[in-house]
Amino acid sequence: MAVIDLANPTRFLTLVNRVLPWLAALTIVLFAFGLTRAMSAPDDYQQGATVKIMFLHVPAAWLSMMGWGLMSVAALGTLVWRHPLADVAGKAAAPIGAAFTFICLVTGSLWGRPTWGTYWVWDARLTSVLVLFLLYLGVLALYWTAEDPGRGSRAAAVLTLVGAVNIPIIKFSVDWWNTLHQPASILRMGGSAIDPSILWPLLIMAVAFTLLFFALHLAAMRNEILRRRVRSMRIIQAQEVRA
Amino acid sequence: MNLGPHADFIVAAYAVTVFVVATMVAWVVLDYSTQRRILGDLEERGVTRRSQHKDSR
């Protein structure tokens, strides 16, 4: 099957039905391995056992931004090429991205209280991630409340591309402004600042969460294609009844 | 495994994550079965998509 064939929803469904069980199984195995490594990782010399929250918080933070990046590419597909599968991809990614952003905010807050002494502070990193969460809710509102799905999709795509400006702001906020949030400690010049005994479980958990994201995304895309088929069949049914 | 004096925060973080992930998984699984059921009902009533009309010509 050529890559271009996947642009056909029926062929895409065939591929999803084949791939999804394997992807789900691989995700479960990786989570089991990652969680075992995470729970047996040593405590941090300063933070103690609260460092275990990092194994959830950091992957969720990465995926919150990756989700918006994926939606931005899909938004271009919707607005420039008007491809229905691009719109399906964008709509399916929005609730998943919102959920990971929510996990990022809540786990960060629960990590902040024992580490910083506060659940929340209006610094640039935390505020820009909160803005990302609100943008996700805005996109979902456009998708779910528009009377005309086509207009709703185009409006959501425009908001997605405008909101993409926030992604570099999140990434570089810790460098551009004074923040309580620490600067980058994994992807940085000079290599990771984290000890391998904690870094490896974190990377395994990050891969597991990423596979979970893609498994959920493929499943949600399949559901959205079926929902659109239901919608078109109901329109045909209504036309037949009227005729 | 000793989670130290801040065990409540660690357990709460994992509990929230498990809850949100489980909700997402339940959402996609239930939504899939709902859409399949509705599609099955429509097909039983003889409703077909335009592309299926073209295929049958």
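Scoring rules and cut-offs
- Residues numbered from 1 in each chain as written.
- Chains lettered and ligands numbered in written order.
- Predicted model: local features only at pLDDT ≥ 70, side-chain atom pairs only at ≥ 80, totals over all residues.
- Helix = DSSP H or I, 4+ residues; strand = E, 2+ residues; numbered from the N terminus.
- Buried ≥ 20, exposed ≤ 12 C-beta atoms within 10 Å, placed from the backbone.
- Contact = placed C-beta atoms within 7 Å.
- Nonpolar A, V, L, I, M, F, W, Y, C, P; charged D, E, K, R; others polar.
- Expected span 1.5 Å × (residues − 1).
- Axes fitted to C-alpha atoms, helices over the stretch in contact; angles between N-to-C directions.
- Parallel < 35°, antiparallel > 145°, perpendicular 65-115°, else oblique.
- Left-handed = near helix turned anticlockwise from the far one by under 90°.
- Core = buried A, V, L, I, M, F, W, Y, C linked by C-beta atoms within 7 Å.
- pLDDT = per-residue confidence, 0-100.

As a further point, take the overall build of chain B. Regarding its fold elements, chain B presents two helices and zero strands. Sorting the 57 residues of chain B into buried and exposed places 11% on the buried side.

Scanning chain A for helices and strands turns up seven helices and zero strands. In sequence order, the secondary structure elements of chain A are arranged as α-α-α-α-α-α-α. Projected onto its principal axes, the C-alpha coordinates of chain A cover approximately 75 × 35 × 30 Å. When burial is assessed residue by residue, chain A has 39% of its 243 residues classed as buried. In chain A, 76% of the contacts between residues at least 6 apart in sequence involve partners at least 24 apart.

Turning to the interface of chain B and chain A, a few remarks are in order. Across the boundary between the two partners, chain B contributes 24 residues, which contact 31 residues of chain A. Grouping the constituent residues of the side of chain B that touches chain A by class yields 17 nonpolar, four polar and three charged.

Moving on, we come to the environment of A38 of chain A. Residue and element names in this part refer to chain A. Inspection of the secondary structure puts A38 in helix α1 (residues 9-40). You can call A38 buried: it has 22 C-beta atoms within 10 Å. Considered as a pair, A38 and P201 are 163 residues apart in the sequence and their alpha carbons are 5.2 Å apart. Residues in contact with A38, not counting those within four places in the same chain, are K52, F55, P201 and M205.

With that settled, the discussion passes to α1 of chain A. For the α-helix, the turn length of 3.6 residues means that residues three or four positions removed from each other point alike. Residues and elements named next belong to chain A. The terminal C-alpha atoms of α1 lie 44 Å apart, and with 32 residues this matches the ideal 46 Å at 1.5 Å per residue to within 8%. Among all positions in α1, only F12, T27, G34 and A38 are buried. Packing partners of the buried residues in α1 comprise α2 (54-79), α3 (84-116) and α7 (196-242).

Right, let's get into the packing of α3 of chain A against helix α1 (residues 7-44) of chain B. Packing of α3 of chain A against α1 of chain B leaves a shortest axis separation of 9 Å and a crossing angle of 175°. As judged from the angle between their axes, α3 of chain A and α1 of chain B are roughly antiparallel. Contact with α3 of chain A, carried on its side by I96, A99, F102, I103, V106, T107, L110, W111, R113 and P114 of chain A, involves F9, A12, A13, V16, T17, V20 and M24 of chain B of α1 of chain B and no other residues of that element. Broken down by class, the residue content of the contact of α3 of chain A with α1 of chain B amounts to 14 nonpolar, two polar and one charged.

Residue and element names in this part refer to chain A. In the contact formed by α3 and helix α4 (residues 124-145), the axes pass within 9 Å of each other and the chain directions differ by 150°. As summarised for this structure, α3 and α4 are arranged roughly antiparallel, according to the angle between their axes. Note on packing geometry: the crossing formed by α3 with α4 is left-handed. Along the contact surface, α3 presents K91, A94, P95, G97, A98, T101, F102, C104 and L105, while α4 presents V129, L130, L132, F133, Y136, L137, V139, L140 and Y143. Across the contact of α3 with α4, the residue classes tally to 15 nonpolar, two polar and one charged.

We now examine unusual backbone geometry. All names here are of chain A. Here the phi dihedral of R82 falls at roughly 50°; this positive angle occurs in a residue that is not glycine. On the secondary structure map, R82 appears in the loop between α2 and α3. Judged by local crowding, R82 falls into the exposed class, with 12 C-beta atoms found within 10 Å.

Before going further, it helps to examine the nonpolar core. Formed by 65 residues in total, the largest nonpolar core has its most connected members in A60, A93, F100, M205, F209 and L216 of chain A. If you list the elements that add at least two residues to this core, you get α2, α3, α4, α5 (149-163) and α7 of chain A together with α1 of chain B. Residues in contact with A93 of chain A, not counting those within four places in the same chain, are G67, L70, M71, A74 and H217 of chain A.

Our focus in this paragraph is the environment of I204 of chain A. Positionally, I204 of chain A belongs in helix α7. For I204 of chain A and Q47 of chain A, which are 157 residues apart along the polypeptide, the C-alpha to C-alpha distance reads 21 Å.

A few words on the confidence of the model for chain B. Within chain B, residue pLDDT values average 88, and 86% of them lie at 70 or more. Here the predicted complex carries an ipTM of 0.91, next to a pTM of 0.92.

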